[in-house]
Amino acid sequence: MSKDKVISIEELGGPLSMMLRNILLMVPERDQNDVALQRLLAFRLRIDGENATRAYLMRNIRDMIQCRYNGRLYDFLKNDHGSVTCGKPSDNDPPESA
């Protein structure tokens, strides 16, 4: 991976830096200093923009709460727990009986 594809939080400037700070206010306090989460959100900001990143984060935080997930928010987002667990059917679930 080349260095120009890695998002360095320390080098973010201007509006992107301000947007990231504002979005981090939405994150649970325990996860706000998680550098991996900050990089993930900075990446999403750069690719998707602020509104889409806010919607993504709100949806996943809601899913995390509904699932009673207690781990890191970063791990929840990275592993896509919301679509795999929490009572949503998966391919391995048996069909409902009539």
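1. Some words on the environment of Gln32
Link 1 in the chain: With respect to the element layout, Gln32 can be found in the loop between helix 1 (14-24) and helix 2 (35-48).
Link 2 in the chain: The spatial distance from the C-alpha of Gln32 to the C-alpha of Leu73 is 9.5 Å, given a sequence separation of 41 residues.

2. Examining the confidence of the model for the chain
Link 1 in the chain: On average, residues of the chain score 79 in pLDDT, and 68% of them reach the 70 mark or higher.
Link 2 in the chain: Confidence, expressed as mean pLDDT per element, reaches its minimum in the chain at helix 5 (residues 81-84) with 53 and its maximum at helix 3 (residues 50-67) with 93.
Link 3 in the chain: Across residues 89-98 the pLDDT falls below 50, and counting only partners more than four positions away or on other chains, this stretch makes one contact in the model.

3. Let's talk about the nonpolar core
Link 1 in the chain: Grouped together as the largest cluster of nonpolar side chains are 17 residues, with contacts concentrated most on Leu20, Val27, Leu37, Leu41, Leu57, Leu73 and Leu77.
Link 2 in the chain: Of all the secondary structure elements, the ones that give two or more residues to this core are helix 1, helix 2, helix 3 and helix 4 (73-78).
Link 3 in the chain: Discounting chain neighbours no more than four positions away, the residues touching Val27 are Gln32, Leu37, Leu41, Leu57, Ile61 and Leu73.

4. With respect to the packing of aromatic side chains
Link 1 in the chain: As enumerated under the stated definition, the model contains one aromatic pair in all.
Link 2 in the chain: With centroids separated by 5.0 Å and ring planes inclined at 55°, the aromatic side chains of Tyr69 and Phe76 adopt a geometry described as tilted.
Link 3 in the chain: On the basis of relative accessibility, which here comes to 21%, the residue Tyr69 falls in the partly exposed class.
Link 4 in the chain: Taking the relative accessible area as the measure of exposure, Phe76 reaches 1% and is therefore buried.
Link 5 in the chain: One Lys or Arg, Arg44, reaches over the ring of Tyr56 and ends 3.6 Å from the middle of that ring.

5. A closer look at helix 1
Link 1 in the chain: Buried within helix 1 we find Leu16, Ser17, Leu20, Ile23 and Leu24. Looking straight down helix 1, one finds its buried side chains confined to an arc of 130°; they lie on one side. For helix 1, the exposed residues lying more than 90 degrees away from the buried face are Gly14 and Pro15.
Link 2 in the chain: Where helix 1 is buried, its residues meet helix 2 and helix 3.

6. Some remarks on the pattern of salt bridges
Link 1 in the chain: As enumerated under the stated definition, the model contains six salt bridges in all.
Link 2 in the chain: With a closest N to O distance of 2.9 Å, Asp34 and Arg72 form a salt bridge. Taken together, the residues Asp34 in the loop between helix 1 and helix 2 and Arg72 in the loop between helix 3 and helix 4 connect sequence positions 38 residues apart.
Link 3 in the chain: Judged by its relative accessible area of 12%, Asp34 is buried.
Link 4 in the chain: The class for Arg72 is partly exposed, based on a relative accessible area of 36%.
Link 5 in the chain: Ionic pairing is found between Arg44 and Asp48, a salt bridge with its closest N-O pair at 2.9 Å. Residue Arg44 and its partner Asp48 are located together in helix 2, separated by four residues, close to a single helical turn.

What counts and what doesn't
Residues numbered from 1 in each chain as written. Predicted model: local features only at pLDDT ≥ 70, side-chain atom pairs only at ≥ 80, totals over all residues. Heavy atoms only, no water. Helix = DSSP H or I, 4+ residues; strand = E, 2+ residues; numbered from the N terminus. pLDDT = per-residue confidence, 0-100. Contact = heavy atoms within 4.5 Å. Core = buried A, V, L, I, M, F, W, Y, C linked by side-chain atoms within 4.5 Å. Buried < 20%, exposed > 50% of the residue type's maximum accessible area, 1.4 Å probe, protein only. Phe/Tyr/Trp six-rings, centres within 6.5 Å; stacked < 30°, edge-to-face > 60°. Lys NZ or Arg CZ within 6 Å of the ring centre and 35° of its normal. Arc of directions from axis to C-beta. Salt bridge = Lys/Arg side-chain N within 4 Å of Asp/Glu carboxyl O.

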